[in-house]
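Coordinates in review
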Amino acid sequence: MKQITIILSIVIGLFAFAQADAQSKKGRDTYEVQVDGLGCPFCAYGLEKKFKEFKGIKDIAIDIETGDFSFSYPADKPLSLEQVLTQVEKAGYTPNEAKISRADGEIVTTKTAGKLLNTDLATSKLYVNGMCGMCKARIEKAAGTVDGVASALWDVDTKMLTVSFDATQTDEKAIEKAAAAVGHDTKGVTASDKAYDNLHPCCKYEREI
Amino acid sequence: MKEKFKMKNYLYMIVAAAAIISCTEKEAVPQEWQFEEIIQIEGVNPIGIAMDGNDIFLSDGDHNRIVKVDSTGAILLEMDGFQRPMHIEFGEPDFEITDKVSKSILKERALFVPEYGRDSIAVMRGNKLDYLVLQDSLDAPAAISVYNNEIAIADFYPNRVLYYDGKNWISIATEGKELGQLYYPTDVQITEKHIFVADAYNHRGQVFDKRGNGVALIGDDQKMNAATGLFVNDNAVYITDFENGRILIFDLEYHLKQILETGIDKPTDVYVEDQVMYITNYRKGQLVKYLLKDIVDEKL
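Residues numbered from 1 in each chain as written. Chains lettered and ligands numbered in written order. Predicted model: local features only at pLDDT ≥ 70, side-chain atom pairs only at ≥ 80, totals over all residues.

Time to look at the overall build of chain A. A tally of regular secondary structure across chain A gives 6 helices and 8 strands. Reading the secondary structure of chain A in the N-to-C direction produces α-β-α-β-β-α-β-β-β-α-β-β-α-α. Across the 209 residues of chain A, 35% fall into the buried class. (Helix = DSSP H or I, 4+ residues; strand = E, 2+ residues; numbered from the N terminus. Buried ≥ 20, exposed ≤ 12 C-beta atoms within 10 Å, placed from the backbone.)

In this assembly, 12 residues from chain A lie in contact with 19 residues from chain B. Taken together, the residues of the side of chain A that touches chain B break down into 8 nonpolar, 2 polar and 2 charged. (Contact = placed C-beta atoms within 7 Å. Nonpolar A, V, L, I, M, F, W, Y, C, P; charged D, E, K, R; others polar.)

So, about the environment of Ser145 of chain B. Residues and elements named next belong to chain B. Summarising the element assignment, Ser145 is placed in strand E12 (residues 141-147). Classification of Ser145 as buried rests on a count of 25 C-beta atoms within 10 Å. With residues near it in sequence (within four places) discarded, Ser145 still touches Glu89, Ala152, Val188, Gln189 and Ile190.

Right, let's get into the pairing of strand E20 (residues 204-209) of chain B. Consecutive residues of a regular strand have side chains that alternate between opposite faces of the sheet. All names here are of chain B. Counting buried residues along E20, 5 of its 6 residues qualify, which places the element largely inside the surrounding structure. Relative to E20, strand E19 (residues 194-199) runs antiparallel, the two being bridged by 6 bridges. Residue pairing across strands places Ile195 opposite Phe208, the latter belonging to E20. Hairpin geometry of E19 and E20 is characterised by an intervening segment of 4 residues between the two adjacent antiparallel strands and by a positive phi of about 60 degrees at His203. (Pairing = 2+ DSSP bridges.)

Residue and element names in this part refer to chain B. Strand order in the open sheet made by the 4 strands is E22-E23-E24-E25, with antiparallel pairing throughout. Of all strands in the sheet, those bounded by a partner on one side alone are strand E22 (227-232) and strand E25 (256-260). Each neighbouring strand pair of the sheet contributes to a mean axis angle of 20 degrees, computed without reference to strand direction. Pairing between strand E23 (residues 237-241) and strand E24 (residues 246-250): 5 bridges, direction antiparallel. Across the sheet, residue Val237 finds its bridge partner in E24, namely Phe250. (Axes fitted to C-alpha atoms, helices over the stretch in contact; angles between N-to-C directions.)

A few words on the pairing of strand E18 (residues 185-190) of chain B. All names here are of chain B. For E18, the buried fraction is high: 6 of the 6 residues fall into the buried class. In this structure, E18 lies alongside E19, joined through 5 bridges in antiparallel fashion. Across the sheet, residue Asp187 finds its bridge partner in E19, namely Ala198. Hairpin connection, E18 to E19: the antiparallel pair is bridged by 3 residues.

A separate point is the packing of helix H4 (residues 133-144) of chain A against helix H5 (residues 172-181) of chain A. Residue and element names in this part refer to chain A. In the contact formed by H4 and H5, the axes pass within 8 Å of each other and the chain directions differ by 135 degrees. By the angle between their directions, the pair H4 and H5 is classed as oblique. For the pair H4 and H5, the crossing hand works out as right-handed. Across the interface between the two elements, Ile139, Ala142 and Ala143 from H4 touch Ile175, Ala178, Ala179 and Ala181 from H5. Class assignment for the residues of the contact of H4 with H5 results in 7 nonpolar, no polar and no charged. (Parallel < 35°, antiparallel > 145°, perpendicular 65-115°, else oblique. Left-handed = near helix turned anticlockwise from the far one by under 90°.)

This next bit is on the nonpolar core. Counting 129 residues, the largest nonpolar core has Ala143 of chain A together with Val161 and Ile195 of chain B as the members making the most contacts within it. Ignoring anything within four residues of it in the chain, the contact list for Ala143 of chain A reads Val149, Ala152, Leu161, Val163, Ile175, Ala178 and Ala179 of chain A. (Core = buried A, V, L, I, M, F, W, Y, C linked by C-beta atoms within 7 Å.)

Let us now look at the environment of Pro201 of chain A. You can see Pro201 of chain A is positioned in the segment after helix H6 (193-197). Considering only alpha carbons, one finds Pro201 of chain A and Gly92 of chain A, 109 residues apart in sequence, at a separation of 8.8 Å. When residues no more than four places from it in sequence are discounted, the contact partners of Pro201 of chain A are Tyr183, Tyr184 and Tyr201 of chain B.

Pasting the structure below:
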């Protein structure tokens, strides 16, 4: 009898704990942002530090390899997508995709529909200067946002960007311009000093010109 | 004839003495650091390393704790509750500390833990935790060095080193790329005459005098990518090249002596004691051990 009472008490206790946990999670929105490759722990902790300005933030998780950054925040003082992306930029990083899962089930995301492309794609290799994983994420993102580009892959060792694109919609020059616009010199297009200066400290590659 | 014999004896004695001296004087053999082993530390992402006797202390930034491990990597002790602890150091300065209730003067050896996420320097003695009383505010302290009563703190976001000479604090450096300027300092070490800084995102080491003047750059021609950690002893300056997975070793005139690569991956700190070097592999959760050994001529 005594054992049954103990087991019942434990079960009730666990149930109450699970309910309380669900309640506390229910009252919080979940935020997920993919940030340009966070190179080192100093960068990652810096991003976390900047977000701690949002009082009430919890469950912060950062994956330095993938740049996945997530946290929860009280649902009664919701942050907008714009506030989150601005905060990432204030910390010195470039946000990619972001998603908010509101406590009431609503999903807010930056994801856009894929572009329709010609199946007959051209492939080019372009020299783009940079130096780290963070540069890679930025260069590939910049090239990937050019209308007509199907894929972009930058190699940190060779500094070559392999890009597949619909030649009826874009060309090499447009892709080089996109890389230069985010601070990366190419063979044909030089980034402005302002764009270069805006690069994260990790990414300030040695300029050849 | 007798005189001649005496003279001959003297000559023999001189030759014998010279031979004995030459046998006892060991010729200096050149040495280099050689890879010994990788020590896996389960569940730890080490950023900083400090030693106390044979005990190895690591700051585990990802898990907000300090761990003490043995030479096999087994965790002997865990101390939680820090906020992103970074490059740590043991020391015994006469310096004001607080337990957040009252203030006192530290009078014993302690482990100093810069907390990047809390903008404070924790002072740990056994289970007791205090904080350095600072007049200036920090913004992401990444490292501390203690040398007698002197203290230096690498203050990451303000691009400076805060240095206490035993009487007064000074702020060293401004943001920039020139000699005397820093770009995100992540480690610091005080020596008898100088202050050495890991000038992380200028990708170099830098040396300041104790009045705060930049006096030398180290390895600025070595194409380092994020010089995150640094160690200085009587023989050399050791710098971690984070993104390239290397340790660069310079002599005290700052000429490159040796580059270590074997087993090194995303290193954040390096520590040398006598003939042993430990390197923290942050991402893989490892310590890499190197030993200083005589260079063996394989032709012999």
